[in-house]
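Okay, here's what each chain looks like letter by letter:
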Amino acid sequence: ERAGARLAVIIPLTILAIFVVLYILFDSLKMASLIILILPFASMGGVISLFCSGEYLSVPASVGFITLWGIAVLNGVVLISSIRAQHVKGGDFASALQLGCTQRFRPVMMTATIAMLSLIPFLFATGPGSEVQRPLAIVVIGGLFTSTPMTLIVLPIIYQWIERTHHFSAIIKESRRF
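So, here's what we can say about the structure. All values reported here derive from a predicted model rather than from experimental measurement.

### Some details on helix 4 (residues 59-89)
Turn by turn, an α-helix covers 3.6 residues, leaving residues three or four places apart pointing in a common direction.
Part 1: Under the 1.5 Å per step criterion, the end-to-end length of helix 4 is 45 Å for 31 residues, consistent within 8% with the ideal 45 Å.
Part 2: Immediately downstream of helix 4, the backbone of Gly 90 shows phi near 125 degrees, a positive value.

### Notes on the nonpolar core
One broad rule of soluble globular proteins: the nonpolar side chains tend to lie buried together.
Part 1: Counting 40 residues, the largest nonpolar core has Leu 22, Ile 35, Ile 80, Ile 83, Leu 144 and Tyr 159 as the members making the most contacts within it.
Part 2: At the level of elements, helix 1 (2-26), helix 2 (29-36), helix 3 (38-53), helix 4, helix 5 (93-123) and helix 6 (130-177) are the ones that each hand at least two residues to this core.
Part 3: Looking at this core element by element, the count peaks at eleven residues for helix 4.
Part 4: The contacts of Leu 22, once residues within four sequence positions are left out, are Asp 27, Ala 32, Ile 35, Ile 36, Val 73 and Val 77.

### Topic: unusual backbone geometry
Part 1: Positive phi, normally seen in glycine, also occurs at Asp 27, with a value near 55 degrees.
Part 2: Assignment of secondary structure puts Asp 27 in the loop between helix 1 and helix 2.

### Quick look at the side chain of Ser 28
Part 1: Mapped onto the secondary structure, Ser 28 falls in the loop between helix 1 and helix 2.
Part 2: Polar contacts involving the side chain of Ser 28 include one to the main-chain amide nitrogen of Lys 30, which spans 3.2 Å.
Part 3: Residues contacting Ser 28, with those up to four places away along its chain left out, are Tyr 23 and Arg 84.

### Observations concerning the packing of aromatic side chains
Part 1: For the structure on display, the rule yields two aromatic pairs.
Part 2: A ring pair is formed by Phe 65 and Trp 69, whose centres lie 6.3 Å apart and whose planes are at 45 degrees; its orientation type is tilted. With a gap of four residues between them, Phe 65 and Trp 69 both fall in helix 4, about one helical turn apart.
Part 3: Taking the centre distance of 5.1 Å and the plane angle of 85 degrees together, the rings of Phe 93 and Tyr 159 count as edge-to-face.

### Digging into the packing of helix 1 against helix 4
Part 1: With their axes 11 Å apart at the nearest point, helix 1 and helix 4 run at an angle of 10 degrees to one another. Classified by the angle their axes make, helix 1 and helix 4 are roughly parallel. Between helix 1 and helix 4, the contacting residues are Ala 3, Leu 7, Ile 10, Ile 11, Thr 14, Ile 15, Ile 18, Leu 22, Leu 25 and Phe 26 on the first element and Val 59, Ser 62, Ile 66, Trp 69, Val 73, Val 77, Ile 80, Ser 81 and Arg 84 on the second.
Part 2: Taken together, the residues of the contact of helix 1 with helix 4 break down into 15 nonpolar, three polar and one charged.

### Points about the pattern of salt bridges
Part 1: A full pass over the atoms with the stated rule returns one salt bridge.
Part 2: For the salt bridge of Arg 134 with Glu 55, the shortest nitrogen-to-oxygen distance reads 3.6 Å. Here Glu 55 lies in the loop between helix 3 and helix 4 and Arg 134 lies in helix 6, a separation of 79 residues in the sequence.
Part 3: Look at Arg 134 and you get partly exposed, because its relative accessible area is 29%.

### Describing the environment of Leu 7
Part 1: Structurally, Leu 7 is set in helix 1.
Part 2: For Leu 7, a relative accessible area of 13% translates into the label buried.
Part 3: C-alpha separation for the pair Leu 7 and Ala 61, spaced 54 residues apart in sequence, amounts to 11 Å.
Part 4: For Leu 7, the residues in contact, after removing those within four places along its chain, are Pro 12, Val 59 and Ser 62.

### Here's the deal with helix 3
Part 1: Here helix 3 spans 23 Å end to end across 16 residues, near enough to the 22 Å set by a 1.5 Å rise per residue.
Part 2: Those residues of helix 3 that fall on the buried side of the exposure criterion are Ile 38, Leu 39, Ala 42, Ser 43, Gly 45, Gly 46, Ser 49 and Leu 50. Down the axis, helix 3 shows its buried residues gathered within 160 degrees of arc, on one side only. Exposed and facing more than 90 degrees away from the buried side of helix 3 are Phe 51 and Cys 52.
Part 3: Gly 54 lies just past helix 3 and shows a positive phi near 85 degrees.

Procedures and definitions
Residues numbered from 1 in each chain as written. Predicted model: local features only at pLDDT ≥ 70, side-chain atom pairs only at ≥ 80, totals over all residues. Heavy atoms only, no water. Helix = DSSP H or I, 4+ residues; strand = E, 2+ residues; numbered from the N terminus. Expected span 1.5 Å × (residues − 1). Core = buried A, V, L, I, M, F, W, Y, C linked by side-chain atoms within 4.5 Å. Buried < 20%, exposed > 50% of the residue type's maximum accessible area, 1.4 Å probe, protein only. Contact = heavy atoms within 4.5 Å. Polar contact = N/O pair within 3.5 Å; in protein donor to acceptor, adjacent residues only side chain to side chain. Phe/Tyr/Trp six-rings, centres within 6.5 Å; stacked < 30°, edge-to-face > 60°. Axes fitted to C-alpha atoms, helices over the stretch in contact; angles between N-to-C directions. Parallel < 35°, antiparallel > 145°, perpendicular 65-115°, else oblique. Nonpolar A, V, L, I, M, F, W, Y, C, P; charged D, E, K, R; others polar. Salt bridge = Lys/Arg side-chain N within 4 Å of Asp/Glu carboxyl O. Arc of directions from axis to C-beta.

Right under this line is the structure:
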């Protein structure tokens, strides 16, 4: 119960800290909000994997969620940073989006794959400590199965939608000026 009460404080603080770091990194509420959208996708996979495995939300599973969020956000930062860098170099947003996604596909996949593969032994552990290792591994592996495709597919789509909306708003503001 004490651990659960602490987690009720630590988890929201962790999410807030991630958001603040993202804001500092990108100097944009939009970009920080865009990347923080990965957390529900990652969490969904963690919850589904806990349910399918018959495990329950425990302290080790909660630590697994925090770990999962870190990996998922890292992948989002890698992808969005690449897209933004391509866009700043010049050219239209569509080509920057395509080039950024193409260039960062392998690093995002490798980060997720290595994290999953390194935790597989924890899934089959039976000795002392396995009651801690197993739920953590289940959450991280399951969460990466959902967050990685969402990072590579859904995140660029949402980013493109945000850019279009921003571009459209700028056009309206400019037309009102005249």
